[in-house]
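Structure at a glance
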Amino acid sequence: MVILLLYSTVTVSTLPTWQTVPSIPQSNVLSFTFLFLSSRFSLLEFEASFIRLLDKVTNGSRIEVNEAGTGVLYQPGLLLGGNLDHDCNVQRGIGYYLEALICLAPFCKKPIKAVLRGVTSNQMDPSVDVIKSVSIEVLKKFGIDEGLELTVSKRGSPPHGGGEVTFCCPIKRNLRPIKHLKAGKVKKIRGVAFSTRVSPAFVNRMVDGARSVLNNFLTDIYIYTDHMKGPKSGRSPGFGITLYAETTQGTTYSAEAMSNRAGQEITVPEDLGKKAAQLLMEEIYRGGSIDSRHQSLALLFMALGQTDVSKLQTGPLSPYTIQFLRHMRDFLQVMFKVEADRSEEDDDTDETVPRTGGDKVLLTCVGVGFSNLSKTIT
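Residues numbered from 1 in each chain as written. Predicted model: local features only at pLDDT ≥ 70, side-chain atom pairs only at ≥ 80, totals over all residues. Heavy atoms only, no water.

**Here's the deal with the overall build of the protein**
If you tally the helices and strands in the protein, you get 10 helices and 17 strands. In the protein, which comprises 378 residues, the share counted as buried stands at 54%. For the protein, the proportion of contacts with a sequence separation of at least 24, taken over those separated by at least 6, is 77%. (Helix = DSSP H or I, 4+ residues; strand = E, 2+ residues; numbered from the N terminus. Buried < 20%, exposed > 50% of the residue type's maximum accessible area, 1.4 Å probe, protein only. Contact = heavy atoms within 4.5 Å.)

**Overview of the pattern of salt bridges**
Evaluation of the coordinates by the stated rule reveals 15 salt bridges. For the salt bridge of R117 with E164, the shortest nitrogen-to-oxygen distance reads 3.3 Å. With R117 in strand β7 (residues 110-118) and E164 in strand β9 (residues 163-169), the pair connects residues that are 47 residues apart, well separated along the chain. Exposure remark for R117: the relative accessible area of 28% places this residue in the partly exposed category. (Salt bridge = Lys/Arg side-chain N within 4 Å of Asp/Glu carboxyl O.)

**A closer look at the sheet that holds strand β14 (residues 252-258)**
Taken in spatial order, the four strands make up an open sheet running β12-β11-β13-β14, and their pairing is mixed. Two strands close off the open sheet at either side, each with one partner strand: β12 (221-228) and β14. Going across the sheet, the axis of each strand differs from the next one's by a mean of 15 degrees, ignoring polarity. As defined by bridge partners, strand β13 (residues 238-247) adjoins β14 across seven bridges and the pair is classed as antiparallel. Directly across from L243, in β14, lies its bridge partner A255. Against the sheet, helix α5 (residues 128-141) touches β11 (186-196), β13 and β14, its axis set at about 175 degrees to β14. Against the sheet, helix α6 (residues 201-214) makes contact with β11, β12 and β13, and its axis sits at roughly 160 degrees relative to β12, the strand it touches most. (Pairing = 2+ DSSP bridges. Axes fitted to C-alpha atoms, helices over the stretch in contact; angles between N-to-C directions.)

**Section: the environment of Y97**
Within the element layout of this structure, Y97 appears in helix α4 (residues 94-104). C-alpha of Y97 to C-alpha of L54: the two residues are 43 residues apart in sequence and 9.6 Å apart in space. Contacts of Y97, omitting those with residues within four sequence positions, involve F46, S49, F50, L53, H86, C88, N89 and R92.

**Points about the packing of aromatic side chains**
Counting across every chain of the model gives 11 aromatic pairs. The interplanar angle of 70 degrees and the centroid separation of 4.7 Å between the aromatic rings of Y222 and Y224 together place this pair among those described as edge-to-face. Classification of Y224 by relative accessible area gives partly exposed; the value is 43%. Put simply, the rings of Y7, Y320, F324 and F331 touch in pairs and so form one group of aromatic residues. When the ring centre of F202 is taken as origin, the NZ or CZ atom of R205, which lies over that ring, is 5.5 Å away. (Phe/Tyr/Trp six-rings, centres within 6.5 Å; stacked < 30°, edge-to-face > 60°. Lys NZ or Arg CZ within 6 Å of the ring centre and 35° of its normal.)

**Structural notes on the confidence of the model for the protein**
The predicted coordinates ought not to be read in detail in places where the model reports low pLDDT. On average, residues of the protein score 88 in pLDDT, and 88% of them reach the 70 mark or higher. Ranking the elements of the protein by mean pLDDT puts helix α2 (residues 26-29) last with 35 and β9 first with 98. Per-residue pLDDT stays below 50 along residues 14-39; that stretch engages in 49 contacts with residues further than four places along the chain or on separate chains. (pLDDT = per-residue confidence, 0-100.)

**Brief notes about the sheet that holds strand β8 (residues 149-154)**
Within a sheet, each strand pairs with its neighbour through backbone hydrogen bonds, oriented either parallel or antiparallel. Read across the open sheet, the four strands follow the order β6-β7-β9-β8; overall the sheet is mixed. With partners counted over all chains shown, the strands left at the sheet margins are β6 (81-87) and β8, one partner each. Averaged over all pairs of adjacent strands, the angle between their axes in this sheet comes to 10 degrees, without regard to strand direction. Pairing of β8 with β9 involves five bridges; the strand directions are antiparallel. Residue pairing for β9: V152 is matched across the bridge by V165. Those strands touched by helix α3 (residues 45-57) are β6 and β7, and its axis lies near 155 degrees from that of β6. Contacts between α4 and the sheet are confined to β6, β7, β8 and β9, with β7 contributing the most and set at about 170 degrees to the helix.

**Things to note about the environment of Y96**
Summarising the element assignment, Y96 is placed in helix α4. Separated by 31 residues in the primary sequence, Y96 and S127 place their C-alpha atoms 8.8 Å from one another. Not counting residues up to four positions away in its chain, the partners in contact with Y96 are V2, F46, E47, F50 and D125.

**What to know about the packing of helix α1 (residues 2-11) against α3**
Relative to each other, α1 and α3 sit at 10 degrees, their axes nearing to 12 Å. In terms of axis orientation, α1 runs roughly parallel to α3. Mapping the contact onto sequence places V2, L5 and T9 in α1 and F50, I51 and L54 in α3. For the contact of α1 with α3, the per-class residue count stands at five nonpolar, one polar and no charged. (Parallel < 35°, antiparallel > 145°, perpendicular 65-115°, else oblique. Nonpolar A, V, L, I, M, F, W, Y, C, P; charged D, E, K, R; others polar.)

Below, the structure is given as structure tokens:
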């Protein structure tokens, strides 16, 4: 649902209607830009919260939900931006909302300054630390840099949240094309271990667990500790760790692990640190010029960029990215050239040396030349 609403808002285009809501006359359906019929029994609370966020970001949007809560009619308005204040539903993390906001922010009329409250880290969505360390860096590759920042003022763990972040993003008229074909070698590993409403010793134990795995591969490792106290620690106990590896070519891989919520099985901090380190090793093995979680973000900006060729090397495409590309074909009429990258195999002159990492994919497209007409020319 998020992908469809996102494309509809950016392009203000029509999605072919494949299902209709019986209680709404067909004559009215055609006047709306987008029609969605949920496959579940009703619209979930976090989805309704996301739609309210879209309403705040845009001006003139028309949103209607049928009485049963199973159908949503959405007619996107103009992307406005400006100062926003939103309480995110605690069923999902703030990262769930930030992922979409990052895609929309560069094309708004005014620079965005959004204050979001809720769960800063959970086991389902990207944490605010991943977005701060990796997503922001992806935006900078496309020329979005001045005034771009994410500040974590409070942390909130599930189930009750209580965290708060401030996201600032400038606006751009056009996105520049990119060509990233080499990932480079990992040169350093950084990370953040955090805790809320638990013993301060938990963060050090997570660091020790992660180092027990990472020290076997690299020496340049530094993991920060962030133990929140008082009002800044949210309303629920929890702890977690985020790791990211930087390469010589500017690529950043990320991985994270979060403790179980209160009332569930007890999580051992050392095991959580080891789990995060092993997930980071797996992400590095996949390789590519971008990590698997941010494939869709990079591909979207490549498609919306100037009418020039963009190329990107990735690891194996995730199922989310594959579905993302299918919707891109429907909305933007953009199709990527997808081919296996054989450059590493061609470079190997010694057949006795095993190839490192997983299979690489090379994606090529020509941007549609999307322009932010709301941005004034100076």
